[in-house]
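One-letter residues, chain by chain:
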Amino acid sequence: MSSSGQASSSCGDDDDSSLNTRKQSGFTKSDLYALQTPPGMNAVRVGVPFQETTQLTEISNLDVSKVFVLSNKSSRPFLEGEGKFIDALKARGLLAAPLNCDVGMGGGEDGLLKACDEAYAANADCIVTVGGGAIQDAGKLVRLWLSTRGASDDGSTSSTISKATVKGIQAAQKQDPMPSLPPQIACPNSFAMAELTHVAGITTNENVKSGAAHPSMMPTVVIYDPALSKGMPDWVRFGTALRGVEHAVGAVCHPKADEDIRERAISGLRLLNRGLKAMVDDPESEEAQSDCYHGGWMAIRALNTGCYPSLGHLIENHYSARFNVHQGSCSGILCARILNHHGDASLEHQKRISDALGDSGVPAPRMVSGLVSSLPGVSKEHAEEGVTPYMLREFADYEYNHHIDRVSQLSPKPFGSAEEIFDMLTFPLGEL
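Remember, it's a predicted structure, so these values are computed and weren't measured experimentally.

(A) Inspection of the overall build of the protein chain at higher detail. Along the backbone of the protein chain there are 17 helices and eight strands. For the protein chain, the residues scored as buried account for 58% of the 432 residues in total. Contacts in the protein chain between residues at least 24 apart in sequence constitute 76% of all its contacts with a sequence separation of at least 6.

So, in structure tokens, the structure goes:
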């Protein structure tokens, strides 16, 4: 049971009892299939108490001695103070270094590299990440950097290495063979789902989205305790849950998706729709938050089964990095507009999206836009983020000149010009 008395769910290779818990909670057979533990991960535990599970169970099971903890600033009060997680690690002699809260939105380069250097200097052998997607991704990249211990910048054997760089981290993903990475216990406080992938993003100092990926970067264990979301700002709570909707519709409409992928994504979308609407009425509802987490889990696993990234995922990542907009608001502004662009080419798939959102007779872009309009803290228009038509014109030219091949491959309806990208970006939501 969770601290609130709700039934918890847990999925791991040796945890058959979790299936009965899910069935009693109303999960269907297809839901259970969609909630399989990602390859390379030991377990995903939802609705369990964060501190007890992390400190007493997972850290003990991993037999580690130097735990490096990364967190966003909003999670700091849950971690520091008498008897809390950092204090408990200190008491057991397990804390590798002071709590790091330097990684900002989007995984900014300077904060990420500082975390890499601190973990390296502390000789950390386990990473615990508490926070949103940027923190979860940062943990993967810190682990990747730690794997370079004993190698020099030119790849030769050495006892020391220079300070972390983006190029150095990206080079580390190409190690062959890949050394074992330190374990990561990922404790999300929102619904971005970065902890369920082996991909990690960095926003460079030039405002370019970059990153690294390798199957070994998959976190070891995920622990989602709704208590970590308590008091979360609306733009984080609803924005990250909306990203799950983005992942689901992106998987459903992806040119490479098969029926299995679409079924998983639709299952996730139904849960996300239910959870989001319930959170609007009661933002602190643990049941609603668990629905959003389970739905987001289904959606990201669908997207990552041969469909990563989706069209919206790619364009919105570029938009986020260029204009410094939280990805939840990127989805609020762009998700319905992107669906509208390829509506004719993906009509049958979009009917399933409409059905999952509650009305198969209403076009999917309008259903998504209607859902977004109900979410507090999420931007719906470019102007809310200070993005002007002139800036959008430059962005459309950039996408066409630098990414058109990739963008068109991911779209059911290719873009023929920068003007078509601009038209998509600026389509009036009231005309969907």
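So much for the structure itself; the text now carries on.
(B) Expanded view of the packing of aromatic side chains. Enumeration over the complete set of coordinates arrives at seven aromatic pairs. Pairing tyrosine 120 with tryptophan 145 gives two aromatic rings, centres 6.3 Å apart and planes at 45°, and the pair type is tilted. Note that tyrosine 120 is positioned in helix H6 (residues 109–121) and tryptophan 145 in helix H7 (residues 133–146), a separation of 25 residues in sequence. When sorted by exposure, tyrosine 120 lands in the same class as tryptophan 145, which is buried. Their ring planes at 55° and their centres at 6.0 Å tell us that phenylalanine 191 and tyrosine 224 sit as a pair that is tilted. In this pair, phenylalanine 191 sits in the loop between strand S5 (184–188) and strand S6 (199–203) while tyrosine 224 sits in strand S8 (residues 221–224), placing the two residues 33 residues apart along the sequence. Looking at phenylalanine 191, the relative accessible area reads 2%, which means it is buried. In textbook terms, an aromatic cluster arises when at least three aromatic residues are bridged by ring pairs, as seen for Phe191, Tyr224 and Tyr293. Geometry around tyrosine 120 places arginine 149 over its ring, the cationic atom sitting 3.9 Å from the centre. Looking at arginine 322, its charged tip hangs above the ring of tyrosine 398, at a distance of 5.1 Å from the centre.

(C) Main features of empty space enclosed by the protein. Summed over all chains, the structure comprises one cavity of 30 Å³ or more. Of the voids in this model, the largest cavity is the one considered here, and its volume is about 100 Å³. Val249, Gly250, Leu311, Gly312 and His342 are, among the 15 residues lining the largest cavity, the residues nearest its centre. Broken down by secondary-structure element, the contributors of at least two residues to the lining of the largest cavity are helix H9 (234–253), helix H12 (311–323) and helix H13 (327–341). Considering each element in turn, the lining of the largest cavity owes the most residues, four residues, to H9. Partitioned by chemical class, the residues of the lining of the largest cavity number nine nonpolar, five polar and one charged.

(D) Representation of the side chain of arginine 337 in the model. Mapping arginine 337 onto the fold places it in helix H13. Only 2.8 Å separates the side chain of arginine 337 from the side chain of glutamate 381, close enough to count as a polar contact. Ignoring anything within four residues of it in the chain, the contact list for arginine 337 reads Lys380, Glu381, His382, Met424, Leu425, Thr426, Phe427 and Leu429.

(E) Spotlight on the environment of proline 77. With respect to the secondary-structure elements, proline 77 resides in helix H4 (residues 76–79). Residue class for proline 77 comes out partly exposed when judged on its relative accessible area of 48%. For the pair proline 77 and leucine 228, spaced 151 residues apart in sequence, the C-alpha separation works out to 9.9 Å.

(F) Spotlight on the confidence of the model for the protein chain. The pLDDT averaged across the protein chain works out to 89; a share of 89% of its residues lies at or above 70. The model gives residues 1–8 a pLDDT under 50, and that stretch makes 20 contacts with residues more than four places away or in other chains. Scored below 50 in pLDDT, residues 13–24 shows 15 contacts in the model against residues more than four places distant or in partner chains.

(G) Examining the pattern of salt bridges more closely. Counted according to the given criterion, the structure contains 15 salt bridges. Between aspartate 137 and lysine 140 there is a salt bridge, with the nearest N and O atoms lying 3.1 Å from each other. Here aspartate 137 and its partner lysine 140 are both found in helix H7, three residues apart, which amounts to about one turn of the helix. Relative accessible area serves as the criterion here: at 0%, lysine 140 is assigned to the buried category.

(H) A look at helix H17 (residues 418–426). Taken residue by residue, H17 has Ala418, Ile421, Phe422, Met424 and Leu425 as its buried positions. Projected down its long axis, H17 shows its buried positions confined to an angular sector of 160°, all on one face. Packing partners of the buried residues in H17 comprise H12, H13 and helix H16 (389–410).

(I) Main features of unusual backbone geometry. A cis amide bond links aspartate 176 to the next residue, proline 177, at an omega of 0°. The topology assignment puts proline 177 in the loop between helix H8 (166–172) and S5. The phi dihedral of asparagine 123 is positive, around 55°, even though this residue is not glycine. Inspection of the secondary structure assignment puts asparagine 123 in the loop between H6 and strand S4 (126–131). You can call asparagine 123 partly exposed: its relative accessible area is 38%. The phi dihedral of methionine 193 falls on the positive side, at around 75°, and the residue is not glycine. Mapped onto the fold, methionine 193 is located in the loop between S5 and S6. The exposure class assigned to methionine 193 is buried, which follows from its relative accessible area of 0%.

(J) Expanded view of the nonpolar core. Grouped together as the largest cluster of nonpolar side chains are 55 residues, with contacts concentrated most on Leu196, Leu276, Tyr293 and Ile353. Breaking this core down by element, the ones donating at least two residues are strand S2 (43–46), S8, H9, helix H10 (259–281), helix H11 (286–303), H13, helix H14 (347–356) and helix H15 (364–373). Every residue in contact with tyrosine 293, bar those within four places of it in the chain, is listed here: Val44, Val46, Pro188, Ser190, Phe191, Met193, Glu195, Leu196, Val222 and Tyr224.

The rules behind the values
- Residues numbered from 1 in each chain as written.
- Predicted model: local features only at pLDDT ≥ 70, side-chain atom pairs only at ≥ 80, totals over all residues.
- Heavy atoms only, no water.
- Helix = DSSP H or I, 4+ residues; strand = E, 2+ residues; numbered from the N terminus.
- Buried < 20%, exposed > 50% of the residue type's maximum accessible area, 1.4 Å probe, protein only.
- Contact = heavy atoms within 4.5 Å.
- Phe/Tyr/Trp six-rings, centres within 6.5 Å; stacked < 30°, edge-to-face > 60°.
- Lys NZ or Arg CZ within 6 Å of the ring centre and 35° of its normal.
- 1 Å grid on protein atoms, 1.4 Å probe; cavity = no way out; pocket = protein on both sides within 12 Å on 5 of 7 lines; lining within 4 Å.
- Points joined across faces, edges and corners; volume = space filled by probe spheres on them.
- Nonpolar A, V, L, I, M, F, W, Y, C, P; charged D, E, K, R; others polar.
- Polar contact = N/O pair within 3.5 Å; in protein donor to acceptor, adjacent residues only side chain to side chain.
- pLDDT = per-residue confidence, 0-100.
- Salt bridge = Lys/Arg side-chain N within 4 Å of Asp/Glu carboxyl O.
- Arc of directions from axis to C-beta.
- Core = buried A, V, L, I, M, F, W, Y, C linked by side-chain atoms within 4.5 Å.

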